[in-house]
Amino acid sequence: MEGIFANLFIAIAFASVAAAMVLYGLSAREGAAPGLERAANRLWIVQGLFMLAATVLLSWLIMTHRFEYFYVWNYTSLDLATQYLFSALWGGQEGSFMVWIMTSVLVGIWLMRTTREPYRKPVMFIMALTQVFLISMLLGWDLLGLTIGASPFRTIAQEMGNAPFIQANPDFVPADGTGLNDLLQSPWMMIHPPIIFFGFSMMTVPFAFAIASLWKTRYNDWIRPALPWTLAANLSLLTAIFLGAYWAYETLAFGGYWAWDPVG
């Protein structure tokens, strides 16, 4: 039942940000009604709230060992320490997308408040476009034989429908999960992914400003408002690289940061 609600939350978030993208595009036209941007901003917040609800729900399923869900079974186990249960949220691709989406929501809210005309609306259009793509990776919709994304809330029965033990017992629930990869059970991997996802989200902003400058044919003014985002994104990504390097040095026992590199 939780998975049904969570998938609905993701679908509503997808529809909300797609509608916001359209409204941002319409509001960026000359003479557009000011209410279009206000409606788009509200839809952006709606998207964030529903994605937050889905993220919290996935975290709760992980913490309560709901092994009937494939994501929980695949990345956690009963003996996994609590701190690594928390970091298992981004232990897989779908959870990583959820964290990336949430960091982008926060970046978008800040852009709404700080970006001036004529760039604000086209910049938010690009941000919404990236969110449409990211959330589509979590839909798990099957349309005319084409699968769009993979839901983090799919059950083992949905993932392994052809397995003999599922065909024999569709309600089968494993007693334990496979556990988180041993290499990811490190304090450094608890903080490295969120920092790098913030870097990814902030690095989208200079691109959005560049596209907005082409859209509005103002080719020079965008550099100043985009520069702080560029610096912040690079600082975040640089920090993440150092954390990842130390993780590799400590956990993988390479004997040096770049000892694995055949060129070095």
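Before any of the text, the structure's been laid out above.
Cut-offs used in this document
Residues numbered from 1 in each chain as written. Predicted model: local features only at pLDDT ≥ 70, side-chain atom pairs only at ≥ 80, totals over all residues. Heavy atoms only, no water. Helix = DSSP H or I, 4+ residues; strand = E, 2+ residues; numbered from the N terminus. Buried < 20%, exposed > 50% of the residue type's maximum accessible area, 1.4 Å probe, protein only. Contact = heavy atoms within 4.5 Å. Areas by Shrake-Rupley, 256 points an atom, 1.4 Å probe, with all protein chains shown as cover. Phe/Tyr/Trp six-rings, centres within 6.5 Å; stacked < 30°, edge-to-face > 60°. Expected span 1.5 Å × (residues − 1). Polar contact = N/O pair within 3.5 Å; in protein donor to acceptor, adjacent residues only side chain to side chain. Salt bridge = Lys/Arg side-chain N within 4 Å of Asp/Glu carboxyl O. Axes fitted to C-alpha atoms, helices over the stretch in contact; angles between N-to-C directions. Parallel < 35°, antiparallel > 145°, perpendicular 65-115°, else oblique. Left-handed = near helix turned anticlockwise from the far one by under 90°. Nonpolar A, V, L, I, M, F, W, Y, C, P; charged D, E, K, R; others polar.

Trainee: Could you clarify how one ought to interpret the overall build of the protein in this entry?
Mentor: A count of helices and strands for the protein gives ten helices and two strands. Dimensions of the protein, computed from C-alpha atoms along their principal axes, come out at roughly 60 × 50 × 30 Å. The proportion of buried residues among the 264 residues of the protein is 45%. The contacts in the protein between residues at least 6 apart in sequence include a share of 71% that link residues at least 24 apart. In the structure as shown, the protein presents an accessible area of about 13600 Å², 67% of it carried by carbon and sulfur atoms.

Trainee: What is the right way to read the environment of F70 from this model?
Mentor: Its location among the elements puts F70 in helix α3 (residues 70–75). Distance in space between the C-alpha atoms of F70 and E2 is 13 Å, their sequence separation being 68 residues. Discounting chain neighbours no more than four positions away, the residues touching F70 are R154, T155, I156, E159 and M160.

Trainee: Would you take a moment to explain the packing of aromatic side chains for this structure?
Mentor: When we look at a pair of aromatic rings, we describe it by the centre distance and by the angle of the planes. Enumeration over the complete set of coordinates arrives at eleven aromatic pairs. When the centroid spacing of 5.8 Å and the interplanar angle of 55° are considered together, the rings of F9 and F50 count as tilted. Linking F9 in helix α1 (residues 2–27) with F50 in helix α2 (residues 34–63), this pair joins segments that are 41 residues apart in sequence. The class for F50 is partly exposed, based on a relative accessible area of 26%. Counting every residue linked through ring pairs, the aromatic cluster contains F97, W100, F197 and F200.

Trainee: Can you walk me through helix α6 (residues 120–136) in this structure?
Mentor: Because the α-helix completes a turn every 3.6 residues, residues three or four places apart line up on one side. Helix length check: α6, at 17 residues, gives a terminal C-alpha distance of 24 Å against a target of 24 Å (1.5 Å per residue), a fit within 8%. Counting buried residues in α6 gives 13 out of 17 residues, a clear majority hidden from the surface.

Trainee: What is the right way to look at the environment of S151 in this model?
Mentor: If you trace the backbone, S151 turns up in the loop between β2 (146–148) and α7 (156–159). Setting aside anything within four residues of it in sequence, one finds S151 in contact with N7, E94, L138, L139 and G140. At a separation of 2.5 Å, a polar atom in the side chain of S151 contacts the side chain of N7.

Trainee: Looking at this model, I keep getting lost on the pattern of salt bridges. Mind explaining?
Mentor: Side-chain pairs of opposite charge can arise whenever the charged atoms involved come near each other. Per the stated rule, a full pass over the model turns up seven salt bridges. Put simply, E117 and R120 hold a salt bridge, and the shortest N to O gap is 3.0 Å. On the accessibility criterion, R120 (18% relative accessible area) is buried. Connected via shared salt-bridge partners are E37, E117, R120 and K121.

Trainee: Would you explain the packing of α2 against helix α5 (residues 93–114) in this entry?
Mentor: Any two packed helices are characterised by how steeply their axes cross, that is the angle between the axes, and by the distance between the axes. At their nearest, the axes of α2 and α5 sit 10 Å apart, and the two run at 150° to each other. When the interaxial angle is binned, α2 and α5 end up roughly antiparallel. Once α2 is placed against α5, the crossing between them reads as left-handed. Facing N41, W44, I45, Q47, G48, M51, L52, A54, T55 and L58 of α2, the residues of α5 in contact are M98, I101, M102, S104, V105, G108, I109 and M112. Partitioning the contact of α2 with α5 into residue classes produces twelve nonpolar, six polar and no charged.

Trainee: What is the right way to read helix α9 (residues 187–215) from this model?
Mentor: Between the first and last C-alpha of α9 there are 44 Å, a value that for 29 residues agrees with the 42 Å anticipated at 1.5 Å per step. With its phi angle positive at about 50°, T217 sits one or two positions after the end of α9.

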